Structure formats: structure tokens, C-alpha cells
Amino acid sequence: MKFSTIAVHAGQRPDPYTGAVCVPVSLTSTFAMDGIGQLRGEFEYARSDNPSRHALEISIAAIEFGKHALAFASGQAASTAVLDLLQPNDEIVATPNIYGGSYRLFHKVYNKYNIKINTPNNTTPLAIYNALTPKTTLVWGESPSNPLLDLFDIAETAERLKNFRNEKGEKPLLVIDNTFPSPAFQNPLLLGADIVTHSCTKYIGGHSDVIAGAIVVNDDEIYEKLKFYQNAAGAVPGPLNCFLLQRGIRTLPLRMKKHEENAYKIADFLRNNPAVEKVFFPGFEDFPQHELVKKQMSGLPGMISFKIRGNIDNVKKFFAGLKLIILAESLGGPETLICHPATMTHAALPDSEKEKLGISDNLIRLSAGIEDAEDLINDLKDALKL
Ligand SMILES: *Cc1c(COP(=O)(O)O)cnc(C)c1O
């Protein structure tokens, strides 16, 4: 079936017992047994599995066109579960320009297991391939990336990895953080990735009211390892959050179309405003990797980054002038949000790293919501009269 049908129905068929059209919120921590070793139903203890999370995991696997999904208490909890597949002294190749929280997790948490991060100078599949070492067990990428919307060729990278074996004789796993495009516009497993991670806090939840994460995989063995970890470490989402995410998934295709439409209009407006120095938007014909958008994505999320002319004082003035658009971390909600990567989402990066990546003081990231584009543009227009 097609994506919008899957988004409405997968994991969300009427309850066989009551006929409820929406999956009931299963508020119970444990499930009665009929005797030792005899479960009454499918479930035993809610951390291990429960009806709300089970239904959500079916939905998420289906919208990513994957075999298995696992839900977590946050995007970072999902990323941590993936990193737990590593052994001490293993190495990661991570594309430049990833989410600041991933950078922090790699460099400030997993460093104590002596896990080294190698970053290629650019995101061509060749540069990624050349960054592999005999110890590389994982290649971590974000496309489009946070915050500069850099793309890399997922299928070609996956193809190149097939010809590489590390010193354990294993092919490094290709992990894609697919939070930005959402499953509506990009499905990395179909492009050859091994593992997809999501911050469901963003587009999947879509209403700025839940923190959650997910992993999707096809391989049964990797799934069993991650499932074991999910129960053992226990960073699982509560049943109400699972319900809210499933509700979000039903309208994901609709919402993404509106985010995309608004992003195109806002990007065009920003590009033509004299107070704006540069706009990063993969939808522009002259965006350096525009061809990749056509190759591996079926649309663009509402993400735009731009630099305004001037310095931090001009940025402060601009933020203070916004009346409708909200200054806040996060993205993918119905309301348009704006943020300052250098001091917010990417504050964890050392200054030298920010400078190398182009995360300057005058860089602004915008997540176009689903409001009327004209109202958003009028708000930006007024605030840009610096
Ligand atoms: C927000 C975000 C995360 C982290 O997700 P949380 O749900 O906040 O833990 C990871 N990756 C990307 C690209 C994000 O935008």
C-alpha cells in the first residue's frame, strides 16, 4: 500500500476485543499470569513490552519500510542503544555536521570506552570510504544534516561499504539519523542503510508535545540485540507518549506536505531579502547537492538555515522583532520555530569545530510550521527591518 494508507492503518487496526478504532492507552505496569511460566496474554511486564508500545513499533516499522522497530524514551536514548552495539576500542565514522547531541554523546560519553570518532573532510561517498579504518564498526550519518542541510549519497555510501571489512571481518553498519526528512520523504533502509534512528520528538510526533525516539532495522540479529538492550537498559516511552506518536503518524504525510510548501515559500522570501546574507535550502536549484534531493528524497522537510548580515547583536534584534515565530529548540511541530545553533542545538561543539562547520554567530535555523505562509513571511519581513 501507499505511504499515506500505511500511516493511517499500520499498527492501528480496530482493537479485536472492544472494536476501539484507536489503540487504547494501556496504562498498566504489569500483566497477570495464570501460573509459573504461563502468560495470560502476550505481555508480562510493561518495560519489556506492552500493547501501546507494541502497536507504535508496528506503525514505525511500516512507515520506514523496515521489518522491526523499537521505541525509546528519546531520540538520544535510541542513539545510545545503537552505540551499545559497539565494543570498547571500536571506531565510528561520523559525517560532519551532525546533531549537537550526537556529537556530545560520541565525544563526551562514549569516549570513556575509548571509542574514536573519525570525520571525513566532506560528505562524498569516497571521502566517507576513505575515513574507514580497520576498527570502524559503524558509519553514522545525517542527511540532510543539522543545521546546514548538507546531503550525502546514502545508496552509494551503502554500496561502497559492501566492499569493506574491518579487522573483525565485519562490514561496518550504516546508521542514518532520519529525523530531518522523516519517513515521509526519505527511507534509508530502502537505500541500503542497516539502521535508521529517529527523534520522534520532531516530525513523527509532530505536535511539540512528546519526547521520544525510535530505531528501525531489517536484520533479525541486530534487532534481537537492540531489543535485549531496550529491556535491559529500560529507556522506554510511556504508553501515553506511544499513543500521541501514533496519532501523529496518522497525519504525517499531510503535515509534511504543508511543512514543505511553507519551506519553499519562506526560503524564496529569505533569499530575496537584503538583510539576509545566505540561505541554505536544498530545494534551490543551485544548492550544491540539489541533485541528491531528487535522487534519494521524495520531498523536503520544513528546515531552512540562513545567515543574516551583521553580528550577534543583529541576530538578537531580529529574534526580538518576531511576534509570531517562536524562539525555541526543536523542530517539526505545527508552529514555526527558530533557533540559534551556535548557542542552542550545537552549544556542545567546541568553537573551533563550529567555525570549521560554518556554524557562525549569524546563523539561524528555522523549522517551518504548518501555519499560513503569508503570516510567517510578514513576521519575518518585519523582524528583518534591522
Ligand atoms: C532532536 C534530535 C535528536 C535528539 O532527539 P531527542 O528526542 O531530543 O532526544 C537527534 N537527532 C536529530 C537530528 C535531532 O534533531
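The structure this text deals with has already been given above.
Since the model is a prediction, treat every value here as computed from it, not as a measurement.

1. A look at the overall build of the protein
Okay, step 1: Helices and strands together make up the secondary structure of the protein, namely 14 helices and 14 strands.
Okay, step 2: In terms of C-alpha radius of gyration, the protein reaches 21 Å, essentially the compact-globule figure of 21 Å for 386 residues.
Okay, step 3: Out of the 386 residues in the protein, the part that is buried amounts to 56%.
Okay, step 4: Partitioning the contacts of the protein with sequence separation of at least 6, the portion at a separation of at least 24 is 73%.
Okay, step 5: Distance between charge centres in the protein, computed from 39 positive and 44 negative side chains, equals 1 Å.

2. Things to note about the pairing of strand β3 (residues 68–72)
One face of the sheet, then the other: side chains in a regular strand alternate in exactly this way.
Okay, step 1: The element β3 is largely enclosed, with a buried count of five among its five residues.
Okay, step 2: Of the two faces of β3, both are covered, the one formed by H68, L70 and F72 as well as the one formed by A69 and A71.
Okay, step 3: As paired strands, β3 and strand β9 (residues 213–217) are joined by five bridges and run antiparallel to one another. By the bridge assignment for β9, A71 is matched with A214.

3. Focus: the site of the ligand
Okay, step 1: Neighbouring the ligand are 14 residues, the closest being G75, D177, S199, T201 and K202.
Okay, step 2: Taking G75, its main chain carries an N or O atom lying 2.9 Å from an oxygen atom of the ligand.
Okay, step 3: Take Q76: an N or O atom from its main chain is 2.9 Å from an oxygen atom of the ligand.
Okay, step 4: Protein chains bury 92% of the 380 Å² of accessible surface belonging to the ligand in isolation.
Okay, step 5: Its residues assigned to classes, the shell around the ligand shows four nonpolar, seven polar and three charged.

4. Let's talk about helix α10 (residues 252–271)
Okay, step 1: The end-to-end C-alpha separation of α10 is 28 Å, in line with the 28 Å expected for 20 residues at 1.5 Å each.
Okay, step 2: Regarding α10, the residues found buried are L252, P253, R255, M256, H259, E260, N262, A263, I266, A267, F269 and L270.

5. Re the environment of I128
Okay, step 1: Within the fold, I128 resides in helix α5 (residues 125–130).
Okay, step 2: For the pair formed by I128 and F152, sequence separation is 24 residues and the distance between their alpha carbons is 9.6 Å.

6. Considerations on the packing of aromatic side chains
Okay, step 1: Taken as a whole and judged by the stated rule, the model has nine aromatic pairs.
Okay, step 2: When the ring of F106 is compared with that of W140, the centres are 5.3 Å apart and the planes differ by 85°; the resulting orientation is edge-to-face. Of the two residues, F106 sits in helix α4 (residues 100–109) while W140 sits in strand β6 (residues 136–142), which places them 34 residues apart along the sequence. W140 carries the same exposure label as F106, and that label is buried.
Okay, step 3: Seen from the ring of Y99, K202 lies directly overhead, with NZ or CZ sitting 5.3 Å from the centre.

7. Some details on a nonpolar patch on the surface
Okay, step 1: On the surface, a nonpolar cluster with roughly 290 Å² of combined accessible area is contributed by V25, L27 and L240.
Okay, step 2: For L240, a relative accessible area of 48% translates into the label partly exposed.

8. Concerning the nonpolar core
Okay, step 1: Ranked by size, the top nonpolar core spans 33 residues in total, and within it I266, L270, I304, F306, F318, I338 and L380 carry the most contacts.
Okay, step 2: Elements supplying a minimum of two residues to this core: α10, β10 (276–280), α11 (290–296), β11 (303–308), α12 (312–321), β14 (363–367) and α14 (373–383).
Okay, step 3: Broken down by element, this core gets its largest block of residues, five residues, from α10.
Okay, step 4: Ignoring sequence-local partners within four residues, the contact set of L380 consists of I266, F269, L270, F318, L322, I325, I338 and L366.
Okay, step 5: Within the second largest apolar cluster, 31 residues are counted, among which are I6, A10, Y203 and C242.

9. Brief notes about the sheet that holds β14
Okay, step 1: As summarised here, the arrangement of the five strands in space is β10-β11-β14-β13-β12, forming an open sheet in which the pairing is mixed. Every other strand in the sheet has two partners, leaving β10 and β12 (326–327) as the edge strands with one partner each.
Okay, step 2: Pairing between strand β13 (residues 337–339) and β14: three bridges, direction antiparallel. Along β14, the bridge assignment pairs I338 with L366.
Okay, step 3: Sheet contacts for α12: β11, β12, β13 and β14; angle to β11, the most-contacted strand, approximately 130°.

10. Focus on the pattern of salt bridges
Okay, step 1: Tallying each qualifying case throughout the model produces 16 salt bridges.
Okay, step 2: The partner of R271 in a salt bridge is D286, and the shortest N-O contact between them spans 3.0 Å. One end of the pair, R271, is in helix α10; the other, D286, is in the loop between β10 and α11, with 15 residues separating them in the sequence.

11. Some points on the side chain of H259
Okay, step 1: Examined against the element boundaries, H259 turns out to sit in helix α10.
Okay, step 2: Of the residues examined, H259 reaches a relative accessible area of 0% and is grouped as buried.
Okay, step 3: Here H259 is in contact with Y203, G302, G332, G333, A368, G369 and I370, once residues within four sequence places are set aside.

12. Considering the environment of I60
Okay, step 1: Tracing the sequence through the fold places I60 in helix α2 (residues 51–63).
Okay, step 2: Its relative accessible area of 1% is what places I60 among the buried residues.
Okay, step 3: For I60 and A10, which are 50 residues apart along the polypeptide, the C-alpha to C-alpha distance reads 8.4 Å.
Okay, step 4: I60 has contacts with A69, C200, A214, V216 and I249, leaving out every residue within four places of it along the chain.

Procedures and definitions
Residues numbered from 1 in each chain as written. Predicted model: local features only at pLDDT ≥ 70, side-chain atom pairs only at ≥ 80, totals over all residues. Heavy atoms only, no water. Helix = DSSP H or I, 4+ residues; strand = E, 2+ residues; numbered from the N terminus. Rg over C-alpha atoms; globule rule 2.2 N^0.38 Å. Buried < 20%, exposed > 50% of the residue type's maximum accessible area, 1.4 Å probe, protein only. Contact = heavy atoms within 4.5 Å. Lys, Arg positive; Asp, Glu negative; His and termini not counted. Charge placed at Lys NZ, Arg CZ, Asp CG, Glu CD. Pairing = 2+ DSSP bridges. Near = heavy atom within 4 Å. Polar contact = N/O pair within 3.5 Å; in protein donor to acceptor, adjacent residues only side chain to side chain. Areas by Shrake-Rupley, 256 points an atom, 1.4 Å probe, with all protein chains shown as cover. Nonpolar A, V, L, I, M, F, W, Y, C, P; charged D, E, K, R; others polar. Expected span 1.5 Å × (residues − 1). Phe/Tyr/Trp six-rings, centres within 6.5 Å; stacked < 30°, edge-to-face > 60°. Lys NZ or Arg CZ within 6 Å of the ring centre and 35° of its normal. Patch = residues over 30% accessible without salt bridge, like charges linked within 9 Å, V, L, I, M, F, W, Y side chains within 5 Å. Salt bridge = Lys/Arg side-chain N within 4 Å of Asp/Glu carboxyl O. Core = buried A, V, L, I, M, F, W, Y, C linked by side-chain atoms within 4.5 Å. Axes fitted to C-alpha atoms, helices over the stretch in contact; angles between N-to-C directions.

Read these as layout, nothing more, since geometry by itself doesn't imply function.
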